[in-house]
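Each chain is listed here by its residues.
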Amino acid sequence: MSSAAFFNTEERRQVPLEPRDEGRVGLYTCGPTVYNHAHIGNFRTFLFEDLLRRALRFLGYEVEQVMNITDIDDKIIRAAVEGGVSLSEYTAPYIESFFADLDTLHIERAEHYPRATEHVPEMIELVEKLVATGVAYESDGSVFFRIADDPDYGRLSKLDLSEVRQGERVADDEYDKEDVRDFVLWKGAKPNEPSWDSPWGTGRPGWHLECSAMSMKYLGPEFDIHTGGVDNIFPHHENEIAQSETATGGRFVRLWLHAEHLLVDGRKMSKSLGNQYTLAELLERGLEPRALRYFFLTTHYRKKLNFTLAGVEDAAHALRRIDEMRFRLTHAEESGGADSPVPEAVERARARFTAALADDLNTSEALAAVFGLVKDVNIAIEENRLGTGDTQSVLQLLTDMNRVFGVLDPTEWAGEDETAAGLSDDQIEALVAARQEARAQKDFARSDEIRDRLAEQGIVIEDTPTGPRWKRT
Ligand SMILES: [Zn+2]
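Along each chain, residue indices are assigned from 1 in the same order as the chain's sequence is written. Restriction of local features to residues with pLDDT of at least 70 applies here, the model being predicted, together with a cutoff of 80 or more for giving and counting side-chain atom pairs; totals for whole chains, interfaces and linings are based on all residues. Note that water and hydrogens are dropped before the side-chain values are worked out from all heavy atoms of the structure.

**Student:** Where do I start with the coordination of the zinc ion in this structure?
**Tutor:** A metal bound by six donors in octahedral fashion has ideal angles of 90 or 180 degrees, whereas one bound by four tetrahedral donors has an ideal angle of 109.5 degrees. For the zinc ion, the full set of protein donor atoms is C30 (SG), C211 (SG) and H236 (NE2), and the range of their distances to it is 2.0 to 2.2 Å. Coordination shells were defined by N, O and S atoms within 2.8 Å of each metal, extended to 3.2 Å for Na, K and Ca; water is absent from the atom set, which can make sites look incomplete. Between consecutive donors of the zinc ion, the numbers of intervening residues give the motif C-x180-C-x24-H. Here H236 lies in helix α6 (residues 233-248) and C211 lies in helix α5 (residues 207-219), a separation of 25 residues in the sequence. For the purposes of this entry, the term helix denotes a DSSP run of H or I that reaches at least four residues, the term strand denotes a run of E that reaches at least two, and both are numbered from the N terminus.

**Student:** Would you mind going over the confidence of the model for the protein chain with me for this structure?
**Tutor:** Any segment with low pLDDT has predicted coordinates that should not be analysed in fine detail. Each residue carries a pLDDT value, the predictor's own confidence for that position, ranging from 0 to 100. Per-residue confidence for the protein chain averages 92 on the pLDDT scale, and 95% of its residues sit at or above 70. Residues count as neighbours in contact if any of their non-hydrogen atoms are within 4.5 Å of one another. Every residue in residues 169-173 is under pLDDT 50, and counting partners more than four places away or in other chains gives 4 contacts.

**Student:** Is there a simple way to think about the sheet that holds strand β8 (residues 203-205) in this case?
**Tutor:** Two strands in a sheet stick together by hydrogen bonds in their backbones, pointing the same way (parallel) or opposite ways (antiparallel). At least two DSSP bridges between two strands are needed for those strands to be called paired. Read from one edge of the open sheet, 4 strands run β5-β6-β7-β8, paired in antiparallel fashion. Where the open sheet ends on each side, the last strands, each with one partner, are β5 (136-139) and β8. Averaged over all pairs of adjacent strands, the angle between their axes in this sheet comes to 25°, without regard to strand direction. With 4 bridges connecting them, β5 and strand β6 (residues 142-145) associate as antiparallel partners. Counterpart to A136 in the pairing with β6 is F145. Across the sheet, α6 touches β6 and β7 (183-188), and the angle it forms with β7 is around 80°. Note on method: axes are straight lines fitted to C-alpha atoms, helices fitted across the in-contact stretch only, with angles between N-to-C directions ranging 0 to 180 degrees.

**Student:** Just checking my understanding: could you explain the sheet that holds strand β11 (residues 262-264) for this structure?
**Tutor:** Across the sheet, 3 strands lie side by side as β12-β11-β13; this open sheet has mixed pairing. If you trace the sheet from one side to the other, it starts and ends with β12 (267-268) and β13 (305-307), each paired once. Relative to β12, β11 runs antiparallel, the two sharing 2 bridges. Each bridged residue has a counterpart across the sheet, and for L263 the counterpart in β12 is K268. Along the sheet, helix α1 (residues 40-58) makes contact with β11 and β13, crossing β11 at roughly 145°.

**Student:** Just checking my understanding: could you explain the nonpolar core for this structure?
**Tutor:** Across soluble globular proteins, nonpolar side chains have a tendency to be buried as a group. Throughout this description, the term nonpolar core refers to a set of buried Ala, Val, Leu, Ile, Met, Phe, Trp, Tyr and Cys residues connected via side-chain atoms within 4.5 Å. Exposure categories follow from relative accessible area, calculated using a 1.4 Å probe and restricted to protein chains: below 20% of the type maximum is buried, above 50% is exposed, and the middle band is partly exposed. F307, F353 and F405 are the most contacted members of the largest nonpolar core, which totals 133 residues. As used throughout, domain bounds are those supplied by an automatic or database domain assignment. Taken domain by domain, the makeup of this core includes at least three residues from each of domain 1 (5-9 + 20-259) and domain 2 (279-412). Once residues lying within four places of it in the same chain are set aside, the contact partners of F353 are F58, A366, A369, V370, M401, V404 and F405.

**Student:** Which parts of the structure should I look at to understand the side chain of R326?
**Tutor:** Topologically, R326 is positioned in helix α9 (residues 309-331). By relative accessible area, R326 is classed as buried at 10%. The contact partners of R326, leaving out residues within four places of it in the chain, are L395, L398, L408, D409, P410 and E437.

See the structure below:
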């Protein structure tokens, strides 16, 4: 296990990761509100969280990740009522498309995807605890958190609360409360709305409460890392801290990590500009999921990422450089003997890559390690200096690096942008090369799997004395 440090939003500085249980990281990532299809701004955050999860595992940590599905929300309820459908009927297609999008972008599945609708008893219990401490009060069937009773409030966002003027209305504030700054824990139901029974009458949980209840249920009252987009810092995460810590009397989260905004062509995403693309819309424009994933991961998560078509093209081009090196490597001979520069290049790249990830996910440095390797290996091939075992050790390093970035192995993506014509020749070549590689490593399960996958596409491989040949049937 390697040590790692991350920029903690709460302290505004980089601090070492010190998990509660050594070697195990509890990670809570705010998930989608399934009111509509997720847009690429959401996917920037989800991909950052995927990278974080994969990097932690690469560094030797076990990760238990929770991502909630917000399926109780004012907009969802309004839309379901207007459409005359149940909440679950309304949200089902958006939940389905969310998971399909995760798969398209090769985002690893979290260990838990709790839904708000399935955790209302835990949420009511949390509100009851807050009412018992005196910090929460009921008003007309709703329950509010009294901010004036929490001297710590504002700790995460560093917001000066005296600047929040009395009388200022908050967007989702439709209820009577003592102080405009107080936030809602439980919302009394309006007539004909879907609702749940509670000690305060029928109603529904507030969004902030949903995350506090579900994170603590799965990860315990204190856990290691909580993430989201920067727009979650206030009020969402600030309120999560207030609720959770008031209820438990202890610390809630050790490290807060936040991903910056995504811009589109240099402008903020907004409905009115029409640039809040969904993943499906980008794929319709012909963008490849692999290049998209790579594009999103190239910019450090704490920097604004400017989405442009040219940027995605550059990403595809960069991936080709890696694929070409892999292809040349698997077709080159290891005839160079003892003076091969490759073992040292591999060791250097691995160390640089590992150190970069442990340094607050320094992706540009980690990718510099990847491309440094590509360059060194290309030179070694050109100079005929590959030694025995070099091919294997470079491929092994690429496999390890790919565990983090998930884009470095073209065979994992082959077939996903298939047209009616099936796999392209390049994709078939890549799969055939991958099968050879698996056979050389005596990984026959993998080589059979690739052969079967090709067979499904009507492609047969014949092994001949001069190497494999393939043909379409
Ligand atoms: Zn949340």
